Amino acid sequence: MRLLLQDIAEGIRVLQTRDGVDVTNEQILERARNIVTGLLGNYRIRSLDNREIRMGRLPLSQMDLLDQLERRAEARNNGRSGRA
C-alpha cells in the first residue's frame, strides 16, 4: 500500500502547486494516511503496478482493464451494455 500512499500524497501536493494552499509535508502525509486507511477499510484494493507487470511478464494496458470491466458489467446485466 506504499504506492497508494505515495500516489495520494502526490495528489494532495497538487493543492500546493496548483492552488497555492499552504500545507506542510507532515500534513500531506497525515492526510494521505487517513485517506488510505479509509479506502482500505471500505474497499478491496490491489496494485496494478505489481512485480510481474513491472518486469514485463504480463502485458497489461488501461484499455484491457476497461474491456474486462465492460464484459463483467454486461454479464451482470444479462448481456446489456455496461455503459451508461
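As a reminder, the structure under discussion sits directly above these lines.
Residues numbered from 1 in each chain as written. Predicted model: local features only at pLDDT ≥ 70, side-chain atom pairs only at ≥ 80, totals over all residues. Heavy atoms only, no water.

## Regarding the nonpolar core
Stage number 1. Counting seven residues, the largest nonpolar core is built from Ile 8, Ala 9, Ile 12, Val 23, Ile 28, Ala 32 and Val 36.
Stage number 2. Broken down by secondary-structure element, the contributors of at least two residues to this core are α1 (2-17) and α2 (25-42).
Stage number 3. The residues touching Val 23, leaving out its near neighbours within four places in the chain, are Gln 16 and Ile 28. (Core = buried A, V, L, I, M, F, W, Y, C linked by side-chain atoms within 4.5 Å. Buried < 20%, exposed > 50% of the residue type's maximum accessible area, 1.4 Å probe, protein only. Helix = DSSP H or I, 4+ residues; strand = E, 2+ residues; numbered from the N terminus. Contact = heavy atoms within 4.5 Å.)

## Details of the environment of Ala 9
Stage number 1. Tracing the sequence through the fold places Ala 9 in helix α1.
Stage number 2. Taking the C-alpha atoms as reference points, Ala 9 and Arg 33, 24 residues apart in sequence, are found 8.5 Å from one another.
Stage number 3. The contact partners of Ala 9, leaving out residues within four places of it in the chain, are Ile 28, Leu 29 and Ala 32.

## So, α1
Residue pairs three or four apart in sequence face the same way in an α-helix, which turns once every 3.6 residues.
Stage number 1. Over its 16 residues, α1 runs 23 Å from end to end, which matches the ideal 22 Å to within 8%, given 1.5 Å per residue.
Stage number 2. Within the sequence span of α1, burial applies to Ile 8, Ala 9 and Ile 12. Down the axis of α1, the smallest arc covering the buried residues is 100°, so these residues share one side. Facing away from the buried side of α1 by over 90 degrees, the exposed positions are Asp 7 and Thr 17.
Stage number 3. Summarising the contacts, the buried residues of α1 are in contact with α2. (Expected span 1.5 Å × (residues − 1). Arc of directions from axis to C-beta.)

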